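The chain contents come next:
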Amino acid sequence: MTSLPPGPSASPAVQTAHWLLRPIAFLESCRRRFGGTFSVRFLGFRTPLVMVSDPDTVRALYSEREHGLPVGRTFALRPIMGPRSVLLLEGSEHLERRKVMLPSFHGERMRAYEASVAEIAAREIDSWPLERAFPLHPRMQAVTLEVILGAVFGVTDPSRRELLGRLLPRLLDSTSSANLQFRILLARRVNRPGPLIRLHELTHEIDDVLLSEIAERRRDPGAADRDDILSLLTLARFEDGAGMDDHEIRDQLVTLLLAGHETTATGLAWTLDLLLRNPLVLRRLLAELDADAGDGYLRAVIQESLRLRPVVPLAGRHLASELRVDGLTLPAGTDVTPAIWLLHTRPDLYRDPLAFRPERFLEQPPTTYGWVPFGGGVRRCLGAAFAEMEMRIVLSSMLRSRVLRAASPNAERPTRRNVTLSPRYGTRVIASQRAEASRDTTSRPDPTRPPDPRALTAPDPRTLTGPGPPTVTAPDPRSSRPPHSQHAVV
Ligand code: HEM
């Protein structure tokens, strides 16, 4: 039967508002009412978006190379990323770019970046206030921006780096608010030029700097010995022997910036939030780091964090051919996306799905279509190995040199920032020098404090969904109550 699955009947404006303001609540309520496959209607789109959440359907969706990009990805990003962005091209044009860019992001190459990421992280951590609450998310954004300027753009000239360090956050800020997304969607609805037009002046200013950097790199006789991705792009060749021209390289640089900066910073902020609220996990991780006992548990912590807090909640396709889902045949032309949160919290895939339990990935590595924080198929995130390397280095630097405590008893809740699900209050923490603190302070029981009864209850998925009282008090590592629930609560 060719038809779309049922979904909420509220107007597109109401569904869009729910999705932008309380994304997890919206998804959970759809799952409760319609099961794992349903259709939603968002403002600015003529046709519904079908959300799916079972691994076989996700496999079928991501394995078909011919499926295109959902229209939503291009309209908001093209004016900034440019017409030849690898994230926005389709078909053979897309595959050619991917082929040329993939070697730069190969897992083996990541070693070349580790030292500079560690240096950037150490500088950033040294600048943090001690014994005073501050939001970690903006600090992680500063780290990931510096990493992109260094490892990806390879900018070494201090004045150019300073200029980009000032201009790029303005671009990133102006593209990340839910308010902007509302205005873009509204502009589409009434066929008016969108608010992104106003960003043109800023992007021109940034382009001037990037084009000067590209021109300089082309003249650099030592470019072949450099590790940064801009140098690799200036040397890369398509199959016909042609290279990318300067404007195309500019498009790819801005794409890597926008795709890799906010996402990785958000992944780091969520991982810290989860660690600070799960002292047993934090203690095991610290023991591994202190003993220099490999990075197996650290990798599992990051995988588990990306499962429970998928930074990018949707990574869809525009069907080029029919797709069978739940006894229905979705016709070509339908927009379909995995609802990554729903997939990642299926009890048949993950025992105790709302628990933050990295051990599950030591017992069994993530499956290709049951764990998709980086999407899949021919569009799977190019920077996945880079992001995981960066997260490993930054997390271990932070945890080795500081004791961090959650500044608020309220667990973080997700809010939408551009294409990401981000911690609403920026993951506020209080830092102390680690050398001054006992290495075991994260979990030693404090006999003077009674256990918090709320902490012993399993989390209610509804607490993941919006405003309301917190259900679990954040552990204060220095007060060191007995390690309690490992459940994650946002
Ligand atoms: C935790 C961090 C990150 C997350 C969660 C993430 C997630 C994603 C997702 C979901 C997609 C879409 C995949 C699809 O449609 O199937 C994607 C694409 C992409 N990402 Fe990432 N990403 C992260 C970090 C990075 C980094 C660090 C870079 C580069 C420096 C990067 C570069 C890209 C590029 C170029 C694409 C487009 C791939 C294509 O269309 O062929 N990402 N990412």
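Residue positions within a chain follow its written sequence, with the count starting from 1. pLDDT decides what is reported in this predicted model: residues at 70 or higher carry local features, side-chain atom pairs at 80 or more are listed and counted, and totals for whole chains, interfaces and linings draw on all residues regardless.

Enquirer: What's the story with the overall build of the protein in this structure? I'm lost.
Expert: Helical segments are the DSSP runs of H or I of at least four residues, strand segments are the runs of E of at least two, and each set is numbered from the N terminus. Looking only at helices and strands, the protein has 17 helices and eleven strands in total. Remark: residues whose backbone-derived C-beta atoms lie within 7 Å of one another are considered to be in contact. Put simply, 75% of the contacts in the protein that link residues at least 6 apart link residues at least 24 apart.

Enquirer: Which parts of the structure should I look at to understand the sheet that holds strand β3 (residues 134-135)?
Expert: By way of backbone hydrogen bonds, the strands of a sheet pair with one another, either parallel or antiparallel. Pairing within the open sheet is antiparallel, and its three strands lie in the order β3-β11-β8. If you trace the sheet from one side to the other, it starts and ends with β3 and β8 (402-406), each paired once. When DSSP locates at least two bridges between a pair of strands, those strands are taken to pair.

Enquirer: Honestly, helix α14 (residues 296-308) in this entry has me stumped. Any pointers?
Expert: Think of an α-helix as 3.6 residues a turn; residues three or four steps apart then line up on the same face. What a helix is expected to span follows from its residue count: subtract one and scale by 1.5 Å. A rise of 1.5 Å per residue sets the reference length of α14, with its 13 residues, at 18 Å; its end C-alpha atoms lie 18 Å apart and thus fit the reference within 8%. Think of it as a crowd count around each C-beta: if 20 or more other C-beta atoms lie within 10 Å the residue is buried, if 12 or fewer it is exposed, and in between it is partly exposed, with C-beta placed from the backbone throughout. Restricting attention to buried positions, one finds in α14 the residues Leu298, Ala300, Val301, Ile302, Glu304, Ser305, Leu306, Arg307 and Leu308. Summarising the contacts, the buried residues of α14 are in contact with α12 (246-276), α13 (279-290), α15 (340-344), α16 (359-363) and α17 (384-401).

Enquirer: Just to check I follow, could you spell out the packing of helix α6 (residues 111-126) against helix α7 (residues 136-152) for this structure?
Expert: To describe two helices that pack against each other, one gives the angle between their axes and the distance between the axes. The geometry of α6 relative to α7 is characterised by a closest axis approach of 10 Å and an angle of 145° between their N-to-C directions. Handedness of the crossing formed by α6 with α7: right-handed. Facing Tyr113, Ser116, Val117, Ile120, Ala121 and Glu124 of α6, the residues of α7 in contact are Arg139, Ala142, Val143, Glu146, Val147, Gly150 and Ala151. Classifying every residue of the contact of α6 with α7 gives eight nonpolar, two polar and three charged. Structural elements are reduced to axes, namely lines fitted to C-alpha atoms, with helices fitted over the stretch in contact, and the angle between N-to-C directions of any two is expressed from 0 to 180 degrees. Definitions for this section: a left-handed crossing has its near helix turned counterclockwise from the far helix by less than a right angle. A right-handed crossing has that turn clockwise. Basically, the charged four are Asp, Glu, Lys and Arg, the nonpolar ten are Ala, Val, Leu, Ile, Met, Phe, Trp, Tyr, Cys and Pro, and anything else, Gly included, counts as polar.

Enquirer: I keep staring at unusual backbone geometry and nothing clicks. Help me out?
Expert: Comment: phi is negative for the bulk of residues other than glycine, and the bulk of peptide bonds are trans. Of note in this structure, Asp292 is not a glycine but carries a positive phi near 50°. Note that Asp292 resides in the loop between α13 and α14. Look at Asp292 and you get exposed, because 7 C-beta atoms sit within 10 Å. With a phi angle near 50°, Asp352 is a residue other than glycine that sits in the positive phi range. Examined against the element boundaries, Asp352 turns out to sit in the loop between α15 and α16.

Enquirer: Quick question: what am I supposed to make of the packing of α7 against α12 here?
Expert: Two elements in contact, α7 and α12, have axes whose closest approach is 8 Å; the angle formed by their N-to-C orientations is 145°. Handedness of the α7/α12 crossing: right-handed. Along its contact with α7, which presents Leu136, His137, Met140, Gln141, Thr144, Leu145, Ile148 and Val152, the element α12 presents Leu253, Leu256, Leu257, Gly260, His261, Glu262, Thr264, Ala265, Thr266, Leu268, Ala269 and Leu272. The class makeup of the residues in the contact of α7 with α12 is twelve nonpolar, seven polar and one charged.

Enquirer: Please explain the pairing of strand β2 (residues 49-52) as it appears in this structure.
Expert: Every other side chain in a regular strand lies on the same face of the sheet, so the side chains alternate between the two faces. Covered by surrounding structure in β2 are Leu49 and Met51 together with Val50 and Val52, the residues of both alternating faces. Examined bridge by bridge, strand β1 (residues 38-40) and β2 share three bridges and lie antiparallel to one another. Its bridge partner lying in β2, Ser39 is registered against Val50. Pairing of β2 with strand β7 (residues 335-338), which is carried by four bridges, proceeds in the parallel orientation. Paired with Leu49 across the bridge in β7 is Asp335.

Enquirer: Would you explain the pairing of strand β11 (residues 428-433) in this entry?
Expert: Here β3 pairs with β11 via two bridges, running antiparallel. Bridging from a neighbouring strand, Phe134 pairs with Val429 of β11. Pairing of β8 with β11 involves five bridges; the strand directions are antiparallel. Counted as the bridge partner of Ala406 is Val429 from β11.

Enquirer: Sorry, what's going on with α7 here?
Expert: Taking 1.5 Å per residue, 17 residues should reach 24 Å; α7 reaches 23 Å between its end C-alpha atoms and fits that length. Counting buried residues along α7, 14 of its 17 residues qualify, which places the element largely inside the surrounding structure. The positive-phi residue at the C-terminal boundary of α7 is Gly154, with phi of around 65°.

Enquirer: Is there a simple way to explain the nonpolar core in this structure?
Expert: One broad trend across soluble globular proteins is that nonpolar side chains are buried collectively. Counting 111 residues, the largest nonpolar core has Ile148, Leu253, Val394 and Val429 as the members making the most contacts within it. Ranked by residues supplied to this core, first place goes to α12 with 15 residues. Among residues more than four places away in sequence, those in contact with Leu253 are Val152, Phe153, Leu210 and Leu230. A set of buried residues drawn from Ala, Val, Leu, Ile, Met, Phe, Trp, Tyr and Cys, joined through C-beta atoms within 7 Å, is what defines a nonpolar core.

Enquirer: Mind showing me how you'd approach the site of the ligand here?
Expert: Whether a residue is near a molecule or strand depends on its C-beta atom, generated from backbone atoms, being within 6 Å of that molecule or strand. Of all residues adjacent to the ligand, which total 25 residues, the nearest are Gly260, Thr263, Gly375, Cys381 and Gly383. Secondary-structure elements contributing two or more residues to the shell around the ligand are α12 and α17. With seven residues, α12 is the single largest residue contributor to the shell around the ligand. When the residues that make up the shell around the ligand are grouped by side-chain class, the tally is 14 nonpolar, eight polar and three charged.

Enquirer: Explain the environment of Pro409 here, please?
Expert: Structurally, Pro409 is set in the loop between β8 and β9 (414-417). Judged by the 13 C-beta atoms lying within 10 Å of it, Pro409 falls in the partly exposed class. Each C-alpha atom, one on Pro409 and one on Arg277, is 9.4 Å from the other, the two residues being 132 residues apart in sequence.

Enquirer: How should the confidence of the model for the protein be read in this particular structure?
Expert: In low-pLDDT segments, the atomic positions of the prediction should not be examined closely. Per-residue confidence from the predictor is reported as pLDDT, a score between 0 and 100. Taken as a whole, the protein shows an average pLDDT of 85; of its residues, 84% reach a score of 70 or greater. Taken as a whole, residues 436-490 scores under 50 in pLDDT and shows 109 contacts with residues more than four places along the chain or in a different chain.

Enquirer: Would you mind going over the sheet that holds β1 with me for this structure?
Expert: The strand order across the open sheet formed by four strands is β1-β2-β7-β4, and the pairing between neighbours is mixed. Every other strand in the sheet has two partners, leaving β1 and β4 (317-318) as the edge strands with one partner each.

Enquirer: What's the story with the environment of Phe153 in this structure? I'm lost.
Expert: As for its placement among the helices and strands, Phe153 is situated in the loop between α7 and α8 (158-174). Here the alpha-carbon distance between Phe153 and Leu256, two residues 103 residues apart in the chain, equals 9.4 Å.

Enquirer: Looking at this model, I keep getting lost on the environment of Ile125. Mind explaining?
Expert: Tracing the backbone shows Ile125 in helix α6. A sequence separation of 306 residues divides Ile125 from Ala431, and the C-alpha atoms of the two residues are 9.6 Å apart. Not counting residues up to four positions away in its chain, the partners in contact with Ile125 are Ser397, Met398, Ser401 and Arg402.

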